[in-house]
Amino acid sequence: MTYLDTFLTKKSNFAQVLLLIFAFSAWSLTGLANIALALLVLLFLTEVPGHWHQLRREPAFLLLGCVLVITSILAVRAAWLFPTTAKEQWLGISAWVAPFLFIVPAWWLRREPRLVMPVLALAGFGLVFGVLRKTDWTLVPQFLQGMRYDFGFTAVGIAFLAAVALVGLLVFRTRIIDLKVRGHARPLIGWIIWFSGFSFLLAVLTITQSRGAAVGMAIAGLVYGGLQWRSRHWEGGSPGYRPVMGGTLIPIALITILAALLFWSIQGREMEDSQILMNEGEGSELSYTGSINIRLNLLQVGLAAFSQAPLLGFGPGTSTTEFLVPEQVIGVGNYHQIHAPEHSHLHNVALEILARFGLVGALIALLLAWVMRSAYQRLWRDPRADSDLRVFLTLSGVMLIFFCLYDFRLVNVDLRFFCILFLGVLYCFQFDPLANKDGH
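Residues numbered from 1 in each chain as written. Predicted model: local features only at pLDDT ≥ 70, side-chain atom pairs only at ≥ 80, totals over all residues. Heavy atoms only, no water.

### As for the overall build of the protein chain
Thinking step 1. When helices and strands are tallied, the protein chain shows 20 helices and two strands.
Thinking step 2. Sorting the 440 residues of the protein chain into buried and exposed places 52% on the buried side.
Thinking step 3. The long-range fraction of contacts in the protein chain, counting pairs at least 24 apart against all pairs at least 6 apart in sequence, stands at 73%.
Thinking step 4. Accessible surface computed for the protein chain: about 20,500 Å², of which carbon and sulfur atoms make up 68%. (Helix = DSSP H or I, 4+ residues; strand = E, 2+ residues; numbered from the N terminus. Buried < 20%, exposed > 50% of the residue type's maximum accessible area, 1.4 Å probe, protein only. Contact = heavy atoms within 4.5 Å. Areas by Shrake-Rupley, 256 points an atom, 1.4 Å probe, with all protein chains shown as cover.)

### Here we look at the packing of aromatic side chains
Thinking step 1. On inspection of all chains with the given rule, the structure shows 23 aromatic pairs.
Thinking step 2. Geometrically, the ring pair formed by Phe44 and Trp107 is edge-to-face, given 5.9 Å between the ring centres and 80° between the ring planes. With Phe44 in helix α2 (residues 30-47) and Trp107 in helix α6 (residues 103-109), the pair connects residues that are 63 residues apart, well separated along the chain.
Thinking step 3. On the accessibility criterion, Phe44 (3% relative accessible area) is buried.
Thinking step 4. An angle of 90° between the planes, with centres 5.7 Å apart, marks the rings of Tyr427 and Phe431 as edge-to-face. Assigned by exposure class, Tyr427 and Phe431 land together as buried.
Thinking step 5. The ring of Trp107 is capped by Arg110, whose NZ or CZ atom sits 3.5 Å from the centre of that ring. (Phe/Tyr/Trp six-rings, centres within 6.5 Å; stacked < 30°, edge-to-face > 60°. Lys NZ or Arg CZ within 6 Å of the ring centre and 35° of its normal.)

### Remarks on the pattern of salt bridges
Thinking step 1. Counted under the stated rule, the structure contains six salt bridges.
Thinking step 2. Between Arg175 and Asp386 there is a salt bridge, and its shortest N-O distance comes to 2.5 Å. With Arg175 in helix α10 (residues 173-177) and Asp386 in the loop between α18 (349-379) and α19 (387-406), the pair connects residues that are 211 residues apart, well separated along the chain.
Thinking step 3. Assessed through its relative accessible area of 27%, Asp386 is described here as partly exposed.
Thinking step 4. Note that Arg378 and Asp382 form a salt bridge whose closest N and O atoms lie 3.7 Å from each other.
Thinking step 5. We classify Asp382 as buried; its relative accessible area is 4%.
Thinking step 6. Members of the salt-bridge network, linked through shared partners, are Arg378, Asp382 and Arg384. (Salt bridge = Lys/Arg side-chain N within 4 Å of Asp/Glu carboxyl O.)

### Looking at the packing of helix α9 (residues 155-171) against helix α11 (residues 187-208)
Thinking step 1. With their axes 9 Å apart at the nearest point, α9 and α11 run at an angle of 150° to one another. As judged from the angle between their axes, α9 and α11 are roughly antiparallel. When the axes of α9 and α11 are compared, the crossing they make is left-handed. Contact residues: Ala155, Ile158, Ala159, Ala162, Ala163, Ala165, Leu166, Leu169 and Leu170 in α9; Trp194, Gly197, Phe198, Leu201, Val204, Leu205 and Thr208 in α11. (Axes fitted to C-alpha atoms, helices over the stretch in contact; angles between N-to-C directions. Parallel < 35°, antiparallel > 145°, perpendicular 65-115°, else oblique. Left-handed = near helix turned anticlockwise from the far one by under 90°.)

### Some thoughts on α18
Thinking step 1. Counted at 1.5 Å a residue, the expected span for α18 with its 31 residues is 45 Å, but the 26 Å between its end C-alpha atoms falls short.
Thinking step 2. The axis of α18 is deflected most strongly, by about 130°, at Phe357.
Thinking step 3. One side-chain oxygen at the N-terminal end of α18 lies 2.9 Å from the backbone nitrogen of Ala350; it belongs to Asn348. (Expected span 1.5 Å × (residues − 1). Bend = angle between axes of the 7 residues up to and from the residue. Polar contact = N/O pair within 3.5 Å; in protein donor to acceptor, adjacent residues only side chain to side chain.)

### Overview of the environment of Leu405
Thinking step 1. Tracing the backbone through its elements, the reader meets Leu405 in helix α19.
Thinking step 2. When neighbours within four sequence positions are excluded, Leu405 is seen to be in contact with His347 and Asn348.

### As for the side chain of Asp407
Thinking step 1. Residue placement: Asp407 occurs in the loop between α19 and α20 (413-427).
Thinking step 2. According to the relative accessible area criterion, Asp407 is buried, its value standing at 3%.
Thinking step 3. Every residue in contact with Asp407, bar those within four places of it in the chain, is listed here: Val156, Arg295, His345, His347, Asn348 and Val349.

### Details of the packing of helix α4 (residues 59-81) against helix α5 (residues 86-97)
Thinking step 1. The interhelical angle for the contact between α4 and α5, taken along N-to-C directions, is 170°, at an axis separation of 9 Å. With respect to α5, the axis of α4 lies roughly antiparallel. Residues Leu64, Val67, Leu68, Thr71, Ser72, Ala75, Val76, Ala78 and Ala79 of α4 lie in contact with α5, whose contacting residues are Ala86, Gln89, Trp90, Gly92, Ile93, Trp96 and Val97.

### Section: the state of the cysteines
Among covalent bonds in proteins, the disulfide is the one between the sulfur atoms of two cysteines.
Thinking step 1. Evaluated as defined, the whole model comprises zero disulfides.
Thinking step 2. In this structure Cys419 is not part of a disulfide, and its nearest cysteine sulfur, from Cys404, lies 6.3 Å away.
Thinking step 3. A residue is classified by how much of its surface remains accessible, and Cys419, at 4% relative accessible area, is buried. (Disulfide = S-S within 2.5 Å.)

### Quick word on the confidence of the model for the protein chain
Thinking step 1. Mean pLDDT over the protein chain works out to 84, with 83% of the residues at or above the 70 mark.
Thinking step 2. Considering only residues more than four positions removed or in separate chains, one finds that residues 235-248, a stretch of pLDDT under 50, has 28 contacts.
Thinking step 3. Per-residue pLDDT stays below 50 along residues 435-440; that stretch engages in seven contacts with residues further than four places along the chain or on separate chains. (pLDDT = per-residue confidence, 0-100.)

Shown next, in the form of structure tokens:
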């Protein structure tokens, strides 16, 4: 082995260690996670010159470059139109570009797909550690009395992460229970880890009282059932393919039951919101009371912002509710003028994209959807990914799409790190393993 080969191997190993650190610290020690991610990006940049021929044809790499250029141009334009928002525009560049950095973990995972499971496991342990670390344990009596709590995050954000992790426990249950330590099966340790994680995450979901997470899990259960049907009617199949779930309906039933239990635990909130909606008078403005009403009102506000700047939007750092409405940049009624600024965002990723980027943003979203569609097609054909991993990444993708329809945290650290890590794991199978014959 030459000196260059040794150096490149050490660099790859160092990047893999950083990736494991990032996975664990993403939702527990965000400062450490940012450092690990920054180092991963720097190491990736050192790879670009030597792999330019490969990367210049990689859709995710090209999309990252396009998003960086377009977001920067629109930020400069918005800072010129609204000078008081200049700082927000510069910060908006990194915030919107960051989720597209998923190609960085994908790049390092492509050389060692076996690292995917340790990365996911550490992400799960890190999430639990983060909740334990940030929780105010003096509030336990209030938890037991039905108080809603956010565990030091935001209620909807941590509920989404917990729901995805819980689905992961159900999908990978056999792998976890059949845990091997130094080559020997340790089912007792596996059961303890699985049951402890299951109970803890279920408690988190119950206390957050997130209806979105409950609906997301219900949708995941339906998709899981669809995958089971698909596996039973599969013709041919890819190399290494085996029927999803091995014919058992246990995970589907558990996900469905859990979703039903979560709905039951928050039925008071649901009935309250439904009652508020039914009591609204005909022809009157919907009150900014209750989750459903708030989202319907913000939908009107977001569409009004889009209609006034449909092509390029108002800039990546321009908040509709915190700037456009109070500064009367867009025309909305007095009622929205008073109440919309009470909310920090539009509670919908699609609306925020249309308001901030216009149709250009919609085009970027469509390109991302096309890239992810190709990644999923490759995932379900690639023998390096087993059926459990395929199912988990598919269900997580469905839950992510649904989450983006009822909340906007794409530029916040929690969902930003989720996109980088989750999409990175998904996209690593997009790279052709034959492209690494040189060992670099």
